[in-house]
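The lines below spell out each chain.
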Amino acid sequence: MRPSSKIIANQMFTRIYLHIPFCRKKCPYCAFFSQEPSAGDIERYVRLVCEEMLHHSHTVTAHADVDSIYFGGGTPSLLEPRHVGELLEQTAGLFRLAPEVEITLETNPGTVDLRKLSGFRQAGVNRLSLGVQSFDDRMLATLGRIHTSRQAQAAFASARKARFDNIGIDLIHSLPGQTPEMWRTDLEHAIKLAPEHLSVYGLTIEPETPFAARYPEENTQLPDQDLSAEMFEAADDLLTLQGYEHYEIANYALPGRSSRHNSGYWHRDGCLGLGAGAHSFLRDTDFGTRSCNPGNLATYAASLRNGVSASEEVVALTRDDAVSEFMFLGLRMADGVTFPAFREAFGIELKDMFGRQVDDLISQQLLTEHASGIRLTRRGMLLSNHVFRMFLT
Ligand code: SF4
């Protein structure tokens, strides 16, 4: 990767990501940048993000309409509807939005009621990603979540009342002490609510979190690899039976309801990330540029006060970087990667570059080839990290 000192003009994005780095209480398994807010922090932060947006509106260019705005965190639902309205007005004033722009807000069930959800809807949010994680109160307590199962179900019902017709539910499996039966019960609870989208990730123990100290490697409370695989397969079986498309390793959606923001990430569409700790990927005539903002509120605020871009660690991707990303992000999707798309992006046949790797992985039943490309098998999804390593250039 080639480091670069500044963001260059005429870089392109079609997605905007707004990072809200506040949580009411830090969950012990979480490695995302967030902190508990003090009085006035949120008001000040919203103004800073509006300022950053103004700065970028002069330095980067969205050649196409922005078709997705995503409030991620942290806990964006700690914002008041007026804050969300302010950020969306600034976005609409500075960038060209597609008429059907998808506007998603990550929502913690412990932070919303009908009033707040109706306010978000009125402000323009049209999709919610509800961080339920489990419908089992024992598991929620283990995860240190601030809500109960009953509160999660009430939040979902309130969201429907507030006229949200596009709701995703996030669940985590392979939790300490969780059995496959407990996981199936979680899935059944979710199915009963009939969300349009489900994300089902296996718990990973992130270094330097309280969970890393609590659950060192080989801890017997954590389900082993076989049990985790069973839980992954249970989700696949149960959800596809209910009409959900398994469109990415950990994501399921009713037809036409996949997440535009996440799909754009896996397709390597440009994304302007705003806020402390936010990551950007801007497309350009070369192979694209990745950057991230300081994951520290004071540093982020200081860089904006000095009238400079908050972005640091700006890296222009090399062709090799882009090839690897194309493969490991594209293969996450159920459709996989296609030969014509690879040829168009890199001017070479995929098989000329990776013929040996593809043959090996097919013989291990981790990949399958069809007329126009390759995709992971179900076994390949379970062992995806092994597959992705084969495409590092
Ligand atoms: S609410 Fe979400 S972002 Fe906040 S600490 Fe918990 S897991 Fe992390």
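All of these numbers come straight from a predicted model, not from anything done at the bench.

(A) Up close: the overall build of the protein chain. Along the backbone of the protein chain there are 15 helices and 16 strands. Scaling as 2.2 N^0.38, a compact globule of 393 residues should have a C-alpha radius of gyration of about 21 Å, and the protein chain matches this with 21 Å. The C-alpha extent of the protein chain, read off along each of the three principal axes, is 55 × 50 × 40 Å. Within the span of the protein chain, comprising 393 residues, buried residues form 54% of the whole. Within the protein chain, contacts between residues at least 6 apart in sequence are counted, and of these 71% link residues at least 24 apart. Surface exposure of the protein chain reaches about 17,500 Å², of which carbon and sulfur atoms provide 50%. Placing the 38 positive and 49 negative side-chain charges of the protein chain at their respective mean positions leaves the two points 4 Å apart.

(B) Expanded view of the sheet that holds strand β16 (residues 373-376). Taken in spatial order, the three strands make up an open sheet running β14-β16-β15, and their pairing is antiparallel. Only two strands of the sheet have a single neighbouring strand rather than two, namely β14 (337-338) and β15 (367-370). Bridge analysis of β15 against β16 gives four bridges, and the strand direction is antiparallel. By the bridge assignment, Thr368 is partnered in β16 with Arg375.

(C) Spotlight on the site of the ligand. If you check the shell around the ligand, you find Cys23, Lys26, Cys27, Tyr29, Cys30, Gly74, Thr75, Asn108 and Arg145 and nothing else. Taken together, the residues of the shell around the ligand sort by class into four nonpolar, three polar and two charged.

(D) The arrangement of helix α13 (residues 350-363) in detail. Most pronounced at Arg356, the bend in α13 amounts to some 50°. By the burial criterion, the buried members of α13 are Leu350, Phe354, Gly355, Gln357, Val358 and Leu361. Where α13 is buried, its residues contact α11 (319-330), β14, α12 (339-346), β15, β16 and α15 (384-389). Gln365 sits one or two positions beyond α13 and adopts a positive phi of about 60°.

(E) Region of the structure containing helix α1 (residues 41-59). Helix length check: α1 (19 residues) gives 27 Å between terminal C-alpha atoms against 27 Å at 1.5 Å per residue, within 8%. Looking at α1, one finds that the buried residues are Asp41, Ile42, Tyr45, Val46, Leu48, Val49, Cys50, Glu52, Met53 and His56.

(F) Region of the structure containing the domain arrangement of the protein chain. What the domain assignment lists for the protein chain is domain 1 (2-266) and domain 2 (319-389). In this structure, domain 1 and domain 2 have C-alpha centres spaced 28 Å apart. On the domain 2 side, the residues contacting the twelve residues of domain 1 number eleven residues. Carbon and sulfur atoms make up 62% of the area that domain 1 and domain 2 hide from each other, which totals about 1,100 Å². On the domain 1 side of the contact with domain 2, Phe232, Ile249 and Trp266 bury the most area, a combined 46% of that side's loss. Inspection of the domain 1/domain 2 interface yields five residue pairs in polar contact (both at pLDDT 80 or more). Sorting elements by how many residues they give to the side of domain 1 that touches domain 2 places helix α8 (residues 225-241) first, with five residues. Class assignment of the residues belonging to the side of domain 1 that touches domain 2 gives a composition of six nonpolar, two polar and four charged.

(G) The arrangement of the pairing of strand β4 (residues 97-107) in detail. Bridge count between strand β3 (residues 66-73) and β4: five bridges; the pairing is parallel. Of the residues in β4, the one forming a bridge with Ser68 is Glu102. The parallel pair β3 and β4, bridged by helix α2 (residues 81-94), forms a crossover whose chirality is right-handed.

(H) Focus on the packing of α11 against α12. Running from N to C, α11 and α12 cross one another at 165°; their axes reach a closest spacing of 11 Å. Taken together, α11 and α12 sit at an angle that is classed as roughly antiparallel. Here α11 and α12 pass one another in a crossing that is right-handed. Of the residues in α12, those in contact with Arg319, Ala322, Val323, Phe326 and Met327 of α11 are Ala341, Phe342, Ala345 and Phe346. Looking at the contact of α11 with α12 residue by residue, the class counts come to eight nonpolar, no polar and one charged.

(I) Geometry of the nonpolar core. By size, the foremost hydrophobic cluster in this structure holds 64 residues, and its most contacted members are Leu18, Ile69, Phe71, Leu87, Phe164 and Leu171. Other than its neighbours up to four places away in sequence, Leu87 contacts Leu18, Val46, Val49, Cys50, Met53, Phe71 and Leu79. If you look at the next biggest cluster of nonpolar residues, it comprises 23 residues, including Phe339, Phe342, Leu361 and Leu367.

(J) Focus on the packing of aromatic side chains. Applying the stated rule across the entire model yields 14 aromatic pairs. With 5.4 Å between their ring centres and 85° between their planes, Phe22 and Tyr45 make a pair best called edge-to-face. Note that Phe22 is positioned in the loop between β2 (15-20) and α1 and Tyr45 in helix α1, a separation of 23 residues in sequence. The exposure classification of Phe22 matches that of Tyr45, with both residues buried. An angle of 50° between the planes, with centres 6.0 Å apart, marks the rings of Tyr29 and Phe211 as tilted. A residue pair is termed long-range when its members are at least 10 positions apart, and Tyr29 in the loop between β2 and α1 and Phe211 in helix α7 (residues 210-214) qualify at 182 residues. The same class applies to Tyr29 and to Phe211, which are both buried. Taken together, the ring pairs connect Phe287, Phe326, Phe342, Phe346, Phe354 and Phe391 into an aromatic cluster. A cation over an aromatic ring shows up here: Arg121 above the ring of Phe164, its NZ or CZ 5.6 Å from the ring centre. Between the NZ or CZ atom of Arg290 and the centre of the ring of Phe281, over which it lies, the distance is 4.0 Å.

What counts and what doesn't
Residues numbered from 1 in each chain as written. Predicted model: local features only at pLDDT ≥ 70, side-chain atom pairs only at ≥ 80, totals over all residues. Heavy atoms only, no water. Helix = DSSP H or I, 4+ residues; strand = E, 2+ residues; numbered from the N terminus. Rg over C-alpha atoms; globule rule 2.2 N^0.38 Å. Buried < 20%, exposed > 50% of the residue type's maximum accessible area, 1.4 Å probe, protein only. Contact = heavy atoms within 4.5 Å. Areas by Shrake-Rupley, 256 points an atom, 1.4 Å probe, with all protein chains shown as cover. Lys, Arg positive; Asp, Glu negative; His and termini not counted. Charge placed at Lys NZ, Arg CZ, Asp CG, Glu CD. Pairing = 2+ DSSP bridges. Near = heavy atom within 4 Å. Nonpolar A, V, L, I, M, F, W, Y, C, P; charged D, E, K, R; others polar. Bend = angle between axes of the 7 residues up to and from the residue. Expected span 1.5 Å × (residues − 1). Domains from an automatic or database assignment. Buried area = accessible area lost by both parts, 1.4 Å probe. Polar contact = N/O pair within 3.5 Å; in protein donor to acceptor, adjacent residues only side chain to side chain. Right-handed = clockwise from strand over helix to strand, strands pointing away. Axes fitted to C-alpha atoms, helices over the stretch in contact; angles between N-to-C directions. Parallel < 35°, antiparallel > 145°, perpendicular 65-115°, else oblique. Left-handed = near helix turned anticlockwise from the far one by under 90°. Core = buried A, V, L, I, M, F, W, Y, C linked by side-chain atoms within 4.5 Å. Phe/Tyr/Trp six-rings, centres within 6.5 Å; stacked < 30°, edge-to-face > 60°. Lys NZ or Arg CZ within 6 Å of the ring centre and 35° of its normal.

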